[in-house]
Amino acid sequence: MRPEHWLYTIPLRLRSLFRRAQADQQLDDELRDHLERKTEEYVAKGMSPQEARRRVRLDLGGIEQTKEKCRGARRVNWIQDFVQDLHFSLRVLRKSPGFTTVAVLTLALGIGANTAIFTMTNGLMLHRLPVRDPGQLVELLHHYPDEPEPGFNGFSWDAYQAIRDGNHVFSDLIVGSMNFFSVRGDNLQPQTVFGGGVGGTFFQALGVRAAAGRLIGPEDAHMGYHAPVAVVSWSFWKSRFDLDPGVIGKKIVVGDTPVTIIGVAQHGFYGPSYEAQQDIWLPISLGPSPGWGFGLLARLKPRVSLEQARAEMAVVFQAVVNSPDADPFVRRMKLRIEPAGNGVTTPLSQMLSTPLTVLMATVGLLLLLACANLAGLLLARGASRQHEMAVRACLGAPRARLLRQTLTESLLLSLVGCVVGIFGAYFAAHALIRVFASGRFIMGAPVHFEALTNPDAHVLLFTLAIALLTGLLCGAAPAMSASKTEPGSALQQASRIGESKSRRLFGKGLVASQVALSLALMSSAGLFVEYLSHLRNLNLGFERNNLLLVTLDFAHSGYNAAQFSRLSQELVTRLDAIPGVSSATFSAMSPMEGPGAASFAFSEDHPEKRTQASINYVAPAYFETYGTPFLVGRDFSARDQTGSPVAIINETTARDCFGNENPIGRHITLSHITLTKGEKTYEVVGLVRDAKYNDLQQAAPPTIYPDLLQQGFIGSQHSQLAIRTRIDPGGVASAVRQTEAAVLNTVPIVRIMTMNEQIDSSIVPQRLIATLSAGFAALGALLAAIGLYGLLAYTVARRTHEIGVRVALGAAGTDVMRVVLRDALWMVCAGFAIGAPLAFWGKRIAASLIPDLPVAGPLPVVVAAAIMIAVGLIAAYLPARRAMRVDPMVALRYE
Amino acid sequence: MSKPADLVQGTLDMLLLKILALGPMNGFAVSQRLKQVSGDVLQVSDGSLYPALHKLEQEGWITAEWKTSEYGRRAKYYSLTRLGRGQLEKEADSWGRLSSAISRVIKLKET
């Protein structure tokens, strides 16, 4: 269209839109004028006035239809129509508040659940870091091939140099690590802040700008030197300094070093991980240092692929680990390169990625169920509005208009449900993340809650999309049937509308599909619940009940080794004396606390055969307290304190280091211990049964227990006190506190929990999946039951006349009831036919995602099927009873 | 008598535009004129006339004005616009080509 055409027609269209009432009046006037003129002409030709008036109306063919066609000629009609549809839908929905509430709640549940899970998925797995070109970022990890975790981002100085100098695939190599720093200052409370040590190119290479001051650059961190400066995050600036511009140049103390704050990072940047929030960055001096502590990120060159980078770096890394003086264990390391655009791998994202996938599938099924439910509801309502639709069709509404009207209703419902759902989802996501984080302290990082639960644009778009889809899906069937109204037949059989066969079948199909989905949900819930109980009843190698764990903080105790040894023994003696306590002991770690120290161990005879073992320093009576049996040998005793270093090992260690020989009296050497650099040799005095350590699902690792009191070990901050009780552990807690305070008065108690609580906190994701999927399954079953009940009740009501006839002809009440029950059972069985394969397929997928899932038996599916049949029968009971009680006389007169 | 219903919608538009090119008139007058000029051959049904007129107005080819007529009665008078004149020429051209092509085919000598 030419521009001037547009200019001319736009005012016309706008006028159509806004002055609709006036335009309508004019249309009316115009047609009336026409009728008058034509009447005059006929009269002039000799017709009688009445005849003439009748003829002109016949000629026109129907004033309303003509008006409608004229309105149709104005092409902005669809907006007017839409607004009209909206008004009407609102009125209709307001008139039936019960239906509207149920529908909105059903949809809110389905949509809200999906939004909540997607919010977390988006935050953890899909969200891009606020840096330049996140797609190019990769992180480097090293790992041992037989280890389950993805690996560790930490490299030695040699490795770093080799990677830096030997690569042709990276345009930038960024050094950065994640640490906790203790920070204090003038107006700053002493506090622990999570942050990072970064190389000079960190900020530049990531493309992060400063919100104030300047950021750490190459001049602050190079070979052998790091400037005493620091950069803080925007939220740190806001919460601790109130956005005071005077923060630049402020002096604070990090660790024991005074540093000056030189800048604030841009708003929204919290380091290379989205969920682990870094608040402070300090420069590190890039120089030779022991250990594998340099964390590496890199940017791929523009046309280099990840595969190319992996291939080249594998070779470079191989050369590093195969250097002549490398430890044999180091030689087994392999390099991994993973995309880091969504943030580097953190323990939280590892822990949650599988549960979130499972939950997304579950809530997806729930949404489908809700849709089927609502579609059934709308279909039933549509049947009762056939009369209305017929009248509309007679008045000239085109089919498309009827379709649009019905769709608008269902879209409106789903949009309202969407809004309600978003609110619910916000709180649900918060609660979920809090529960996840309440689990065992996730080593390495504080969880950045806002990041994970803030609905950003992606989430809102997703929610809107599923709301629209839901509305269309639910409304499609009723809309189709509304548009196919045959005005004639519909108006005649106003109340005794026989339903078309296809509509009946479709309604039944909807119920069957609800049953199928509910079956799938229930069987998967059964699976997870079974898994959880399996985890809870595992043989742990120690006795989990009646065990109280107390964490003590020795960091500022001021004790030396001898004092610690004496005081700890005194405490144990006094604890033993408390009524209800059977024994007490000390150790560095408790079994399910988390990963602890590890080291390479080898026996004197086979020094080349190195096993990676977990190390836990324990005091005498440890195994007695925990209930781990000795197989051979003895426990530590007071005599050992003055003797040569001794240790107790578990079965796996013995097998790995000594084969089938008796390990008692033999010697085992630990190397690369971080506490005592170098090697240390112990005499093995005892062999204990394997016990689970750190992870319930994995087999017990090789574990070595050196004597705690011998080492004078107060190295790490926390130590564990374990108390076995004869009574409920809670009962002795206060007595324990008092005793501890009396004996170790400079040592605060960090926390007290029972062993069962600790185990539970280590399996939070599994517990959550089990609980949530059970909850969703229950809701799904409820929805399916409501759907079934609704359809049966409706059918009975519609067929009351027919039932009356049957009864009048001699059918017994029980016959009628049997018909209804048979109907119900047919639908449930049809649902099984679809649902059972779905459930089995789901089981296989779940098994591939979660290792060790016990998928052997069909028990969950069978139990679910039984529940569904029971549910179906209950749902059918009331309508069946109503059908049975139909009085033929009343029914025959029923209109 | 060829009923206007047999005419393709585009042809009806063209005829209406031409009638209005003769001068501004209201809807009733347009249909009378058309009938008269074509010798009763082309008759637009009332139910098709007004939707067609409204469509032409929406396209901007005709414009409407409410005028008080000779008997003191208010009526809507349509007149052709400049755009409409251009559209009329275009359609008349293509109609001309179409009809001469059909004539040529019909006049072919059968052997």
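As the structure is a computational prediction, the values presented were derived from the model and not from experiment.

**Some thoughts on the overall build of chain A**
Alright, step 1. Scanning chain A for helices and strands turns up 28 helices and 24 strands.
Alright, step 2. Its C-alpha radius of gyration of 37 Å places chain A more than 25% over the 29 Å reference for a compact globule of 895 residues.
Alright, step 3. With respect to the principal axes defined by its C-alpha atoms, chain A has extents near 135 × 80 × 50 Å.

**A few points about helix 18 (residues 561-576) of chain A**
All names here are of chain A.
Alright, step 1. Helix length check: helix 18, at 16 residues, gives a terminal C-alpha distance of 23 Å against a target of 22 Å (1.5 Å per residue), a fit within 8%.
Alright, step 2. Within the sequence span of helix 18, burial applies to Phe564, Ser565, Ser568, Leu571, Val572 and Leu575. Buried residues of helix 18, seen end-on, are gathered within an arc of 135° and therefore sit on one face of the element. Summarising the geometry of helix 18, the exposed residues directed more than 90 degrees from the buried face are Ala562, Arg566 and Thr573.

**Structural notes on the nonpolar core**
Note that soluble globular proteins tend to have their nonpolar side chains buried in a common cluster.
Residue and element names in this part refer to chain A.
Alright, step 1. Core analysis: the biggest nonpolar cluster contains 106 residues, and Leu519 and Leu788 have the highest contact counts within it.
Alright, step 2. Element by element, the count of residues in this core is highest for helix 11 (residues 347-384), at 20 residues.
Alright, step 3. Residues within four places of Leu519 in sequence aside, it is in contact with Gly831, Phe832, Gly835, Ala836, Ala839, Ala864, Ala865 and Met868.
Alright, step 4. Counting 63 residues, the second-largest nonpolar core is a separate cluster that includes Phe202, Leu206, Ile261 and Phe294.

**A short note on the sheet that holds strand 1 (residues 137-143) of chain A**
Residues and elements named next belong to chain A.
Alright, step 1. In space, the four strands of this open sheet follow the order 2-12-1-13, with antiparallel pairing throughout. Across the chains shown, the open sheet's two edge strands, defined by having one partner strand only, are strand 2 (170-175) and strand 13 (334-339). The sheet shows a mean angle of 30° between the axes of neighbouring strands, direction not considered.
Alright, step 2. Of the strand pairs in this sheet, strand 2 and strand 12 (residues 296-300) are connected by five bridges, and their pairing is antiparallel. Paired with Ile174 across the strands is Leu297, a residue of strand 12.
Alright, step 3. Here helix 10 (residues 306-321) sits on the sheet and contacts strand 1, strand 12 and strand 13; the angle it forms with strand 13, its principal contact strand, is near 155°.

**So, the interface of chain B and chain A**
Alright, step 1. Contact with chain B, which involves 15 residues of that partner, is made by 20 residues of chain A.
Alright, step 2. Secondary-structure elements contributing two or more residues to the side of chain B that touches chain A are helix 2 (27-37), helix 3 (46-59) and strand 2 (74-80) of chain B.
Alright, step 3. Among the elements that line the side of chain B that touches chain A, the one with the most residues is helix 3 of chain B, at seven residues.

**Regarding the environment of A:Asp172**
Residue and element names in this part refer to chain A.
Alright, step 1. As for its position among the elements, Asp172 is in strand 2.
Alright, step 2. Residue classification places Asp172 among the partly exposed positions, given that 17 C-beta atoms sit within 10 Å.
Alright, step 3. Residue contacts for Asp172: discarding those within four places in its chain leaves Thr201, Ala205, Ala298 and Arg299.

**Observations concerning the confidence of the model for chain B**
Note that predicted coordinates carrying low pLDDT should not be read in detail.
Residues and elements named next belong to chain B.
Alright, step 1. Within chain B, residue pLDDT values average 85, and 91% of them lie at 70 or more.
Alright, step 2. Note that pLDDT drops below 50 for residues 1-5; the model gives that stretch 10 contacts with residues more than four away or on any other chain.
Alright, step 3. Complex prediction metrics read pTM 0.73 and ipTM 0.86.

**Description of helix 4 (residues 63-73) of chain A**
Alright, step 1. Listed as buried for helix 4 of chain A are A:Thr66, A:Lys69 and A:Cys70. When helix 4 of chain A is viewed along its axis, its buried side chains cluster within an angular range of 100° and face the same direction.
Alright, step 2. Of the surrounding secondary structure, the elements contacted by the buried residues of helix 4 of chain A are helix 2 (20-45) and helix 3 (49-60) of chain A together with helix 3 of chain B.

**A closer look at the packing of helix 17 (residues 501-536) of chain A against helix 27 (residues 859-884) of chain A**
Residue and element names in this part refer to chain A.
Alright, step 1. Helix 27 packs onto helix 17 with a crossing angle of 135° between their chain directions and a minimal axis gap of 8 Å. Of the possible angle classes, the one that applies to helix 17 and helix 27 is oblique. Judged by the twist between their axes, the crossing of helix 17 over helix 27 is right-handed. When helix 17 is examined against helix 27, the residues Val515, Ser518, Leu519, Met522, Ser523, Gly526, Leu527 and Glu530 are found in contact with a partner set consisting of Pro860, Val861, Val863, Ala864, Ala865, Ile867 and Met868.
Alright, step 2. Its residues assigned to classes, the contact of helix 17 with helix 27 shows 11 nonpolar, three polar and one charged.

Conventions we followed
Residues numbered from 1 in each chain as written. Chains lettered and ligands numbered in written order. Predicted model: local features only at pLDDT ≥ 70, side-chain atom pairs only at ≥ 80, totals over all residues. Helix = DSSP H or I, 4+ residues; strand = E, 2+ residues; numbered from the N terminus. Rg over C-alpha atoms; globule rule 2.2 N^0.38 Å. Expected span 1.5 Å × (residues − 1). Buried ≥ 20, exposed ≤ 12 C-beta atoms within 10 Å, placed from the backbone. Arc of directions from axis to C-beta. Core = buried A, V, L, I, M, F, W, Y, C linked by C-beta atoms within 7 Å. Contact = placed C-beta atoms within 7 Å. Pairing = 2+ DSSP bridges. Axes fitted to C-alpha atoms, helices over the stretch in contact; angles between N-to-C directions. pLDDT = per-residue confidence, 0-100. Parallel < 35°, antiparallel > 145°, perpendicular 65-115°, else oblique. Left-handed = near helix turned anticlockwise from the far one by under 90°. Nonpolar A, V, L, I, M, F, W, Y, C, P; charged D, E, K, R; others polar.

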